[in-house]
Amino acid sequence: MKQVNKFYLASFLKNQIYFVPIIVLFFQDLGLSYSQIFWIFTIGSAFSFLIEIPTGILADLYGNRLSIIISKFLIFISFLFFAFAGNFWWLLIANLIYELGKSFRSGTETAYVYNYLDYDRLAPRYTKVKINQKFYARISESLAALIGGFIAYRYGFSVVFLVAALPALVNFLQTLSWTKLPGDKRTEKPVFSIKKQLLFTREAFSSLCQNKIARRVILNISVFSTAFVALDKFIQPYMKMSGLDLQHFGAVYAIFLIIVAFVVKFAATLEEKWGAINIMNYSVFFAFIPLIILALGANSIFMVALFFLVLMIDNFRSPVANTLFHDHIASDKRATMGSILEIFKSVNNLWFLPLIGYLADIYSIKIAILIIAFVLILGGSIFLLKSDKKEIAV
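Here the structure is a predicted model, which is why all the values come from computation and not from measurement.

1. Remarks on the overall build of the protein
So, point 1. A tally of helices and strands in the protein yields 18 helices and zero strands.
So, point 2. Restricting to contacts in the protein with at least 6 residues of sequence separation, those with at least 24 account for 86%.
So, point 3. For the protein, the accessible area works out to roughly 17,300 Å², and carbon and sulfur atoms hold 66% of it.

2. Observations regarding the environment of isoleucine 97
So, point 1. Along the chain, the position of isoleucine 97 falls in helix H5 (residues 88-105).
So, point 2. Residue classification places isoleucine 97 among the buried positions, given a relative accessible area of 18%.
So, point 3. Not counting chain neighbours up to four residues away, the residues in contact with isoleucine 97 comprise Leu74, Ile77, Ser78 and Phe81.

3. A few points about the packing of aromatic side chains
So, point 1. Scanning all chains against the criterion turns up 27 aromatic pairs.
So, point 2. Between phenylalanine 26 and phenylalanine 161, the ring centres sit 5.0 Å apart and the planes meet at 45°, which makes this aromatic pair tilted. One end of the pair, phenylalanine 26, is in helix H2 (residues 23-29); the other, phenylalanine 161, is in helix H8 (residues 157-175), with 135 residues separating them in the sequence.
So, point 3. Phenylalanine 26 gets classed as buried once you look at its relative accessible area, which sits at 1%.
So, point 4. In this structure phenylalanine 161 comes out as buried when scored by relative accessible area, which is 0%.
So, point 5. Here phenylalanine 256 and phenylalanine 308 contribute two aromatic rings whose centre-to-centre distance is 4.7 Å and whose plane-to-plane angle is 10°, an arrangement assigned as stacked. In this pair, phenylalanine 256 is assigned in helix H12 (residues 249-264) and phenylalanine 308 in helix H15 (residues 304-326), connecting sequence segments 52 residues apart.
So, point 6. Its relative accessible area of 22% is what places phenylalanine 256 among the partly exposed residues.
So, point 7. Connected via pairs of aromatic rings, a cluster forms that spans Phe19, Phe26, Phe27, Phe41, Phe79, Phe82, Tyr98, Phe157 and Phe161.
So, point 8. Residue placement shows lysine 233 over the ring face of phenylalanine 41; its charged tip is 4.4 Å from the ring centre.
So, point 9. Directly above the aromatic system of phenylalanine 224 lies the positively charged group of arginine 317, at a separation of 4.1 Å from the ring centroid.

4. Things to note about the layout of surface pockets
So, point 1. The calculated volume of the second largest pocket comes to roughly 170 Å³.
So, point 2. Along its surface, the second largest pocket is lined by Val263, Leu270, Trp274, Ile279, Tyr282, Ser283, Phe286, Met312, Ile313 and Phe316.
So, point 3. The set of elements that each furnish at least two residues to the lining of the second largest pocket consists of helix H13 (267-274), helix H14 (276-296) and H15.
So, point 4. Broken down by element, the residue count for the lining of the second largest pocket peaks at four residues, all from H14.

5. Here we look at the packing of helix H4 (residues 64-84) against H8
So, point 1. Remark: H4 packs on H8, axes separated minimally by 8 Å, with the N-to-C direction vectors making an angle of 165°. Our classification of the angle between H4 and H8 gives roughly antiparallel. Crossing angle aside, the handedness with which H4 passes H8 is left-handed. For the pair H4 and H8, the contacting residues are Arg65, Ile68, Ile69, Lys72, Phe73, Phe76, Phe79, Leu80, Phe82, Ala83 and Phe84 in the first and Ser158, Phe161, Leu162, Ala164, Ala165, Ala168, Leu169, Asn171, Phe172, Gln174 and Thr175 in the second.

6. Notes on empty space enclosed by the protein
Take a probe with the size of a water molecule and roll it over the atoms, and the empty space left behind shows itself.
So, point 1. Taken as a whole, this structure holds two cavities of 30 Å³ or more when the rule is applied.
So, point 2. By volume, the second largest cavity is sized at about 40 Å³.
So, point 3. Contributing to the lining of the second largest cavity are Phe224, Ala227, Phe228, Leu231, Leu291, Val310, Ile372 and Leu376.
So, point 4. Those elements that place two or more of their residues in the lining of the second largest cavity are helix H10 (212-232) and helix H17 (365-382).
So, point 5. The residue makeup of the lining of the second largest cavity, split by class, is eight nonpolar, no polar and no charged.

7. Some remarks on the pattern of salt bridges
So, point 1. Evaluated as defined, the whole model comprises four salt bridges.
So, point 2. Of the charged contacts in the structure, one is a salt bridge between arginine 105 and glutamate 109, with a shortest N-O distance of 3.8 Å. Pair check on accessibility: arginine 105 and glutamate 109 agree, each one buried.

8. What to know about a nonpolar patch on the surface
So, point 1. Judged by side-chain polarity, Tyr282, Phe285, Phe286, Ile289 and Ile293 come together as a nonpolar surface patch covering roughly 490 Å² of accessible area.
So, point 2. A relative accessible area of 48% means that tyrosine 282 is categorised as partly exposed.

9. Points about the side chain of asparagine 95
So, point 1. By the secondary structure assignment, asparagine 95 is in helix H5.
So, point 2. By relative accessible area, asparagine 95 is classed as buried at 3%.
So, point 3. Ignoring sequence-local partners within four residues, the contact set of asparagine 95 consists of Ile40, Phe41, Gly44 and Phe82.

10. Comments concerning H15
So, point 1. In a regular helix each residue adds 1.5 Å, so 23 residues correspond to 33 Å; H15 covers 34 Å between its end C-alpha atoms and thus fits that length.
So, point 2. The sharpest bend along H15 measures roughly 30° and falls at serine 318, with the proline proline 319 sitting one to four residues further on.
So, point 3. Burial analysis of H15 places 21 of its 23 residues in the buried class, which makes it a mostly covered element.

11. Describing the packing of H10 against H17
So, point 1. Direction vectors running N to C along H10 and H17 enclose 170°, while the axes themselves pass 9 Å from each other. In terms of axis orientation, H10 runs roughly antiparallel to H17. Side by side, H10 and H17 meet where Arg216, Val223, Phe224, Ala227, Ala230 and Leu231 of the first sit next to Ile369, Ile372, Val375, Leu376, Gly379 and Ile382 of the second.
So, point 2. Residues of the contact of H10 with H17, tallied by class, amount to ten nonpolar, one polar and one charged.

Conventions we followed
Residues numbered from 1 in each chain as written. Predicted model: local features only at pLDDT ≥ 70, side-chain atom pairs only at ≥ 80, totals over all residues. Heavy atoms only, no water. Helix = DSSP H or I, 4+ residues; strand = E, 2+ residues; numbered from the N terminus. Contact = heavy atoms within 4.5 Å. Areas by Shrake-Rupley, 256 points an atom, 1.4 Å probe, with all protein chains shown as cover. Buried < 20%, exposed > 50% of the residue type's maximum accessible area, 1.4 Å probe, protein only. Phe/Tyr/Trp six-rings, centres within 6.5 Å; stacked < 30°, edge-to-face > 60°. Lys NZ or Arg CZ within 6 Å of the ring centre and 35° of its normal. 1 Å grid on protein atoms, 1.4 Å probe; cavity = no way out; pocket = protein on both sides within 12 Å on 5 of 7 lines; lining within 4 Å. Points joined across faces, edges and corners; volume = space filled by probe spheres on them. Axes fitted to C-alpha atoms, helices over the stretch in contact; angles between N-to-C directions. Parallel < 35°, antiparallel > 145°, perpendicular 65-115°, else oblique. Left-handed = near helix turned anticlockwise from the far one by under 90°. Nonpolar A, V, L, I, M, F, W, Y, C, P; charged D, E, K, R; others polar. Salt bridge = Lys/Arg side-chain N within 4 Å of Asp/Glu carboxyl O. Patch = residues over 30% accessible without salt bridge, like charges linked within 9 Å, V, L, I, M, F, W, Y side chains within 5 Å. Expected span 1.5 Å × (residues − 1). Bend = angle between axes of the 7 residues up to and from the residue.

Now the structure itself:
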């Protein structure tokens, strides 16, 4: 199998997460409030904040491929912990293992893909590969949602995580066959030096400070990501409030995710026509509108479509944002800089997620969504991207 096809297979297997349509309901079924649910994700973000740079440094030191392999093994283990969790603390432990796995992957997987495509001159352009990955991811997620909703309805929430562990294990095993790039083939045994790696990290931050467009891209991405992470936790409760039965959750997710998958295929065409910066800027506004309607409108099954419209916008802008980001980062710093991007996301999550959980508990989901909408448009306005040919050439 060609390496590019292995990327697509990994995207498919990674998103065979059958718990997507029920995870918040799973937490609520175990007796957790919105505040407790958001605290699980907040503590996970704090943990991610602490380990992002060390895992990014390890990836740069020992190679992205090894880091990705470790990541997929830890994610497999976390699903088993979720399956047997019975209270807040075990759910927290499961999520921390999951975040550890994600931290080994964040920045490194996109860096590996970008570096491989740069290494293989016959391979497609990064944006095209990333869009195809998104396509297979959404198709996979739609199938998983359909299956997961059925399993949860027939056999219970915990069984869903056990089933999800199987493709996670296959994904780990298939990653072992990924191509070793020249940067991963080290003739000398790497020596870990805290002083040297701190200096390397400081240089990465320094280069980020000097690269204005990369800095604004990171801030723009991190605000949008945090808003979407918070919004995502309300999709299932809103569907329940709207009177939709649990047995239909998977079907609703599947239908909308398939639509998202095919719409995302047009991202490359629109990037060529509109430009990456315009897509990044306009997508914030187009996401703001449905959030305002959700916050101020009446509960309705038909309004659920607006959640998935924002999901479509997030998936549409993601490959464009990734290309824009990596185009302005040196190849030897991509994993570390990817981790720095994740740190910005984690910092935003640390203050925003507890606030949104508190507002949902004290007031309502609609008030929480309204705040998400205004944070989104405010962040997009403050970190508006501007086309500057001199900066792009940095």
